[in-house]
Amino acid sequence: MTNEVGIKVENLTKIFGSGESEVRVLENASLEVKKGEFAALVAPSGAGKTTLLMMLGCVIEPTSGKIWLGDELVWDEDHWSTPDTRRIRREKIGFIFQAHYLIPFLNIVENVKLIPLVNGWPDEKAEKKAMELLDYFDITDKRDAMPSQLSGGQNQRAAIARALSNEPKIILADEPTAALDMERAVSVVKMLRRIVEEQNVAIIMVTHDDRLLPYCDKILSIENRKVVTTTQSAHLIV
Amino acid sequence: MINLAYKDIAHSYLKFIVTAMGVGMLLGIVLIMIGVYRGMVIDAQVLLDDIGADLWVVQENTLGPFAESSRVHEDLKNTLWVNPEIDKTAALAFLNLQIKTPDGVMKRVYSVGYDPHGDLPAINPERLVAGRSIEKSHYEIVVSEKLGFRLQDKIRLGRNIYTVVGITKGAVSSGGDPVIYVSLKDAQELQFLYSNARIRNDRARGLKVDADNHLVNAVVATVVKGSDPDAVAENIRRWKHLSAFTVSDERNILTKNVIETASKQIGMFTVILVGVSTIIIALIIYTMTLEKIKEISIMKLVGLPNMTITKMIAQETVTLGVLAFIFGNLFAHAIWDKFPKRVVLEMDDAWALFSIILVASILASLFGVYKAIKADPSAAIGG
Ligand SMILES: Nc1ncnc2c1ncn2[C@@H]1O[C@H](COP(=O)(O)OP(=O)(O)OP(=O)(O)O)[C@@H](O)[C@H]1O
Ligand SMILES: [Mg+2]
């Protein structure tokens, strides 16, 4: 772990709707995850985990507060730092969504190498990276299959591979292991742990599974619309 | 970079091709409709071009013979011929008739009577697909292939039996009816024919019976090389108390006076059809784009730039347009000759239609993309 900021949030508030249909998800929530730190986000269903991740990933707009990704202040009270928030997402962030969200008309390897290609990687480099990741997640034989031909767990692994394909410095993972069996879930988390250590990446991972918590440095939970941080010493990977 | 448009089309090519075929058929119908309009204008001028005269001389104060009934005396052809600027002349008689085709149906035909021994034969030799022109002064007939007769068939017209000696292709009247040719003498007899009973009856009442059998509907002429048809026509008008039209006057009369309402009708219908199909195609493209809102949301979520998404949709739209254009032309060319009247398919019309449709489609798809891009990605994918 370093002392550099990975993800930092100050007084973040998110209110959906207004009047009778108003939903207050977060109110003045603050948190910080440093580069090289692996944080778990644990909270009951409906507490606002996905909403928080979507705001960190610049997908939905906060109501107020500040968000830093690395040293870039991306959300400042009422505006994004850049109109092209998708650039931040594809260049800095690896996002694993609650559903796999693979592009249905691209095969697995195309899905994985798409973002590197958009980021301007040459085809061989993107292909090599994609094949490495598919190999790691044990779905090399599915490289030419369409997402509709894969099982839920295989698609989820492909989606994780895609999130890692652009070698991001920030990984936001919304229940990445929900569709996997325990053995695979542990192996995915171990892999994320290795990336954290080797590549100095900041990770926030939503999980409902207590057995995965020992691999994390921090546990974030949402209580009374605020984020509560518990620091612990993680099982380091040797 | 991966070509997303190609991948998307390949992923659901059946749906894409069926859509292209549907749009193509619509385009095909529009092309046929434009062709019907063009055919109408061309049909109106077929006889004029086949006869190939420079001047049309008809009854004074009429626009005959196609726009108004006109009668002039047959020997006008000799009177005109005295003019040194006139080269050849011919007297022509025109008449609408019903003819019984070999399969027993009565069909409306337009008969042209001309002098088979004259200087200006009315039959365009290029149109003769079988047999020959009329050679005898009586009871020979040349028919259009559309009527279904064969050479040597016998046809009853009036009191006489005619023998089919020639078959033409493509000769039609200004209204699109098939043309038959008979000798001028036969045509005059058909035109002024009275039954024996009527003649007896008229005689008994003391009426003058022998109808003037030497009337024709028009005398046509060619001018000698180097003369100005307009000046000759003007001359005839001034001195002979007749109406005289040059071939371009006559063309004007045919397209303006004779078929004007009919062609306006078809023309208006064509314009509306083009408008309606443009709207329908634009709507199809628009909904096709909006159908992809989920895929577009996913692409936004993973961080694809708007440009990449827009390019994909625009490429798909153009591909669909090109495919539909090909299908439309194939479709139009497959069915155009099944229509009873002339349909003229011109590539220029097809290209013009293609440009209109393509512009509308691209606008529609861009509007669709705009809406899809503006949509909240997390809402569009349901969470
Ligand atoms: N677009 C929206 N409009 C209105 N309310 C919303 C919207 N998105 C989420 N919410 C509400 O915000 C709250 C938090 O939702 P969120 O999806 O962040 O929960 P979560 O912690 O991810 O739950 P789960 O564990 O079930 O995934 C919920 O009450 C939800 O109904
Ligand atoms: Mg959630």
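A. Structural context of the pattern of salt bridges. Overall, the coordinates contain 41 salt bridges over all chains when judged by the stated rule. The closest approach of N and O atoms between E234 of chain B and R237 of chain B, which form a salt bridge, is 3.2 Å. Taken together, the positions of E234 of chain B and R237 of chain B, both in helix 6 (residues 229-240) and 3 residues apart, correspond to about one turn of that helix. Given a relative accessible area of 34%, E234 of chain B falls into the partly exposed group. Members of the salt-bridge network, linked through shared partners, are K113, D123, E127, R143 and D144 of chain A.

B. Highlighting the coordination of the magnesium ion (ligand 2). Residues and elements named next belong to chain A. Within the protein, T50 (OG1) and Q98 (OE1) serve as the donor atoms for the magnesium ion (ligand 2), at 1.8 to 2.5 Å. Residue T50 is located in helix 1 (residues 49-56), and its partner Q98 is located in the loop between strand 7 (93-96) and helix 3 (108-118); the two are separated by 48 residues in the primary sequence. The class of T50 is partly exposed, set by a relative accessible area of 24%. On the accessibility criterion, Q98 (44% relative accessible area) is partly exposed.

C. Spatial organisation of the pairing of strand 5 (residues 72-76) of chain A. Residue and element names in this part refer to chain A. Here 4 bridges tie strand 4 (residues 64-69) to strand 5, and the two strands are oriented antiparallel to one another. Bridge pairing links W68 to L73 in strand 5. Between strand 5 and strand 6 (residues 79-80), which pair antiparallel in sequence order, lie 2 residues; one of them, E77, sits at a positive phi of approximately 60°.

D. Looking closely at the site of ligand 1. Residue and element names in this part refer to chain A. The full set of residues close to ligand 1 is F16, V25, P44, S45, G46, A47, G48, K49, T50, T51, Q98 and H208. Contact between ligand 1 and G46: an oxygen atom at 2.9 Å from a main-chain N or O atom of the residue. Side-chain polar atom of T51 to an oxygen atom of ligand 1: 2.5 Å apart, as the coordinates give it. Relative to its free-state accessible area of 640 Å², ligand 1 is covered by the protein chains to the extent of 61%.

E. Inspection of the interface of chain B and chain A at higher detail. Listed by partner, the interface residues are 24 residues for chain B and 21 residues for chain A. Taken together, both faces of the contact between chain B and chain A bury some 2,100 Å²; the carbon and sulfur share is 72%. Contact with chain A buries area across many residues of chain B, yet I2, L301 and V302 of chain B alone supply 27% of it, more than any other trio. At the junction of chain B with chain A, the criterion picks out 1 salt bridge.

F. Geometry of the packing of aromatic side chains. Under the criterion given, the structure shown has 14 aromatic pairs over all chains. In textbook terms, an aromatic cluster arises when at least three aromatic residues are bridged by ring pairs, as seen for W56, F66, F94 and Y110 of chain B. The side chain of K8 of chain A reaches across the aromatic face of W68 of chain A, ending 4.6 Å from its centre. K125 of chain A extends its terminal NZ or CZ atom over the ring of W121 of chain A, reaching a point 4.2 Å from the ring centre.

G. Region of the structure containing the sheet that holds strand 5 of chain A. Residues and elements named next belong to chain A. Across the sheet, which stays open at both edges, the 5 strands sit in the order 2-1-4-5-6 with antiparallel pairing between neighbours. Two strands bound the open sheet, and with one partner strand each, they are strand 2 (23-34) and strand 6. Contacting strand 1 (5-16), strand 2, strand 4 and strand 6, helix 1 runs over the sheet at an angle of about 120° to strand 1. Sheet strands in contact with helix 2 (residues 85-92) are strand 4, strand 5 and strand 6, and its direction is about 140° off that of strand 5.

Calculation rules
Residues numbered from 1 in each chain as written. Chains lettered and ligands numbered in written order. Predicted model: local features only at pLDDT ≥ 70, side-chain atom pairs only at ≥ 80, totals over all residues. Heavy atoms only, no water. Salt bridge = Lys/Arg side-chain N within 4 Å of Asp/Glu carboxyl O. Helix = DSSP H or I, 4+ residues; strand = E, 2+ residues; numbered from the N terminus. Buried < 20%, exposed > 50% of the residue type's maximum accessible area, 1.4 Å probe, protein only. Donors = N, O, S within 2.8 Å, 3.2 Å for Na, K, Ca; no water. Pairing = 2+ DSSP bridges. Near = heavy atom within 4 Å. Polar contact = N/O pair within 3.5 Å; in protein donor to acceptor, adjacent residues only side chain to side chain. Areas by Shrake-Rupley, 256 points an atom, 1.4 Å probe, with all protein chains shown as cover. Contact = heavy atoms within 4.5 Å. Buried area = accessible area lost by both parts, 1.4 Å probe. Phe/Tyr/Trp six-rings, centres within 6.5 Å; stacked < 30°, edge-to-face > 60°. Lys NZ or Arg CZ within 6 Å of the ring centre and 35° of its normal. Axes fitted to C-alpha atoms, helices over the stretch in contact; angles between N-to-C directions.

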